[in-house]
Amino acid sequence: MEKKLKDLREEYLKIPIPKELNDVVQAALNEKPRKKPRVGRNILVSAAAALLILTASVNISPAAAKAMSDIPIVEKVIKVITFVEWKEEANNSSAVIKTPVISGLENKQLEDSLNDKYLSESKQLYKEFTDSMSKLKEGEKGNISVESGYVILTDNETILSVQRYTDTIQASSSTESQFDTVDKKNEVLLTLNSLFKNDRYLQVISENIKEQMKRQMAEDPEKIYWVEDDDFTAFKGIDENQNFYINEDGKLVIAFNSYEAAPGYMGAVEFIIPTKVLSDLLVGDQYIH
């Protein structure tokens, strides 16, 4: 992890960043946990000694070799942690920005590209907040609240799905999210297109979402979706860039940000697509089942 943070630090320093956020990142990277280095060294020395003993035992004793063969191999661990968290309160406004970092992938190109993207998103959000503060007149209140973070939606043997969200309150509220779904075994980033044999899935999923919208509105008068055919703002359908993730049950979930498919008071909305609707279109059942 220390090497990964060092690599991220070097990559981070290549990109211009406002001084305030740079100070926060530097502090997070340079912070040294108390007493942990000594413990770590002791553990490494003990582990090295134990390894020598085990190696000698296996070479000398067939019984020891048989016992060692029965010990399960520890699999690689892919983690998502908070790389840096930045907070600020000023002019009756506040911002909290948490940046995730993924570690443990052998595909370092994929790992680095995701982590670079997460850093860039945080920096852009920070810049937008500070720009809005700088435009305020003396004594004027911003009345802005921004909270950005992440949620691990799925983490099993096959799939890692991560959501990054930004909740903004300024007169009204809105939620925007981005999603990444990684095949942990093959270490590739899944796209919506990659899950299906051809592009017929776009129409099939769109029609199912419309059916769900109409059914929900019929069951609950307080729910409103932009689905009426004569409404110029009506939901027409998804495209290949549609937000999605695969949940813990192996179901495809289509996600919409605030105002994309419904009035603002509905917030961000999601639709679980029944697998039986998709079964003939899927390239396989290793992800969606």
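Only a predicted model underlies this, so the values are computations on that prediction, with no experimental measurement involved.

The rules behind the values
- Residues numbered from 1 in each chain as written.
- Predicted model: local features only at pLDDT ≥ 70, side-chain atom pairs only at ≥ 80, totals over all residues.
- Heavy atoms only, no water.
- Pairing = 2+ DSSP bridges.
- Helix = DSSP H or I, 4+ residues; strand = E, 2+ residues; numbered from the N terminus.
- 1 Å grid on protein atoms, 1.4 Å probe; cavity = no way out; pocket = protein on both sides within 12 Å on 5 of 7 lines; lining within 4 Å.
- Points joined across faces, edges and corners; volume = space filled by probe spheres on them.
- Contact = heavy atoms within 4.5 Å.
- Axes fitted to C-alpha atoms, helices over the stretch in contact; angles between N-to-C directions.
- Buried < 20%, exposed > 50% of the residue type's maximum accessible area, 1.4 Å probe, protein only.
- Expected span 1.5 Å × (residues − 1).
- Salt bridge = Lys/Arg side-chain N within 4 Å of Asp/Glu carboxyl O.

Q: How should the pairing of strand 1 (residues 79-90) be read in this particular structure?
A: Look at any regular strand and the pattern is simple: side chains alternate between the two faces of the sheet. In terms of strand pairing, strand 1 meets strand 2 (residues 93-103) through 11 bridges, oriented antiparallel. Residue pairing for strand 2: Lys 79 is matched across the bridge by Ser 103. Linkage of strand 1 to strand 2, two consecutive antiparallel strands, is achieved through a turn of 2 residues, within which Asn 91 is found at a positive phi near 50°.

Q: Any chance you could explain empty space enclosed by the protein here in plain terms?
A: Any empty space left between atoms is shown by rolling a water-sized probe over those atoms. All told, the structure shown has 2 cavities of 30 Å³ or more when counted by the stated rule. The calculated volume of the second largest cavity comes to roughly 30 Å³.

Q: Got a minute to help me understand the sheet that holds strand 2 in this structure?
A: Paired through their backbone hydrogen bonds, the strands of a sheet run either parallel or antiparallel. Here 6 strands make up an open sheet; going across it, the order is 1-2-3-4-5-6 and the pairing mixed. Each having just a single partner strand, strand 1 and strand 6 (188-189) make up the two edges of the open sheet. As defined by bridge partners, strand 5 (residues 172-183) adjoins strand 6 across 2 bridges and the pair is classed as antiparallel. Counterpart to Asp 183 in the pairing with strand 6 is Val 188. Lying over the sheet, helix 5 (residues 108-134) contacts strand 1, strand 2, strand 3 (145-155), strand 4 (159-170), strand 5 and strand 6, oriented at roughly 170° with respect to strand 2.

Q: Quick question: what am I supposed to make of the environment of Ile 273 here?
A: Relative to the elements of secondary structure, Ile 273 occurs in strand 9 (residues 269-273). Take Ile 273: its relative accessible area is 0%, and that puts it in the buried class. Residues Ile 273 and Val 204, 69 residues apart in the sequence, show an inter-C-alpha distance of 9.9 Å. Ignoring any residue separated from it by four or fewer positions in sequence, one finds Ile 273 in contact with Ile 205, Asn 208, Ile 209, Gln 212, Leu 252, Ile 254 and Leu 278.

Q: I would appreciate a short explanation of helix 6 (residues 200-219) in the present structure.
A: Every α-helical turn comprises 3.6 residues, leaving residues that sit three or four positions apart pointing alike. Over its 20 residues, helix 6 runs 29 Å from end to end, which matches the ideal 28 Å to within 8%, given 1.5 Å per residue. When we look at burial in helix 6, the residues that qualify are Tyr 201, Val 204, Ile 205, Ser 206, Asn 208, Ile 209, Lys 210, Gln 212, Met 213, Gln 216 and Met 217. Close packing links the buried residues of helix 6 with strand 8 (252-256), strand 9 and helix 7 (275-278).

Q: Is there a simple way to explain the layout of surface pockets in this structure?
A: What the second largest pocket holds in volume is close to 290 Å³. In terms of lining, the second largest pocket is formed by 19 residues, of which the most central are Glu 121, Leu 125, Ser 148, Thr 166 and Gln 178. Contributing elements (two or more residues each) for the lining of the second largest pocket: strand 2, helix 5, strand 3, strand 4 and strand 5. In terms of residue count, the dominant contributor to the lining of the second largest pocket is helix 5 (6 residues).

Q: What exactly am I supposed to notice about the sheet that holds strand 7 (residues 244-246) here?
A: Taken together, the 3 strands give an open sheet; going across it, the order is 7-8-9, and neighbouring strands pair in antiparallel fashion. Taken across any chain shown, the strands that pair with only one partner, and hence form the sheet edges, are strand 7 and strand 9. Between one strand axis and the next, the sheet turns by 25° as a mean value, whatever way the strands run. Bridging between strand 8 and strand 9 involves 5 bridges; their strand directions are antiparallel. Residue pairing across strands places Phe 256 opposite Val 269, the latter belonging to strand 9.

Q: How should the pattern of salt bridges be read in this particular structure?
A: A side chain with one charge may pair with a side chain of the opposite charge, provided their charged atoms come close. Using the criterion set out here, one finds 8 salt bridges in the structure. Lys 108 is paired through a salt bridge with Glu 111; the nearest N and O atoms lie 3.5 Å apart. With Lys 108 and Glu 111 both in helix 5 and 3 residues apart, this pair spans about one turn of that helix. Put simply, Lys 184 and Asp 155 hold a salt bridge, and the shortest N to O gap is 2.7 Å. Highlighted residues: Lys 184 in the loop between strand 5 and strand 6 and Asp 155 in strand 3, separated in sequence by 29 residues. A relative accessible area of 14% means that Lys 184 is categorised as buried.

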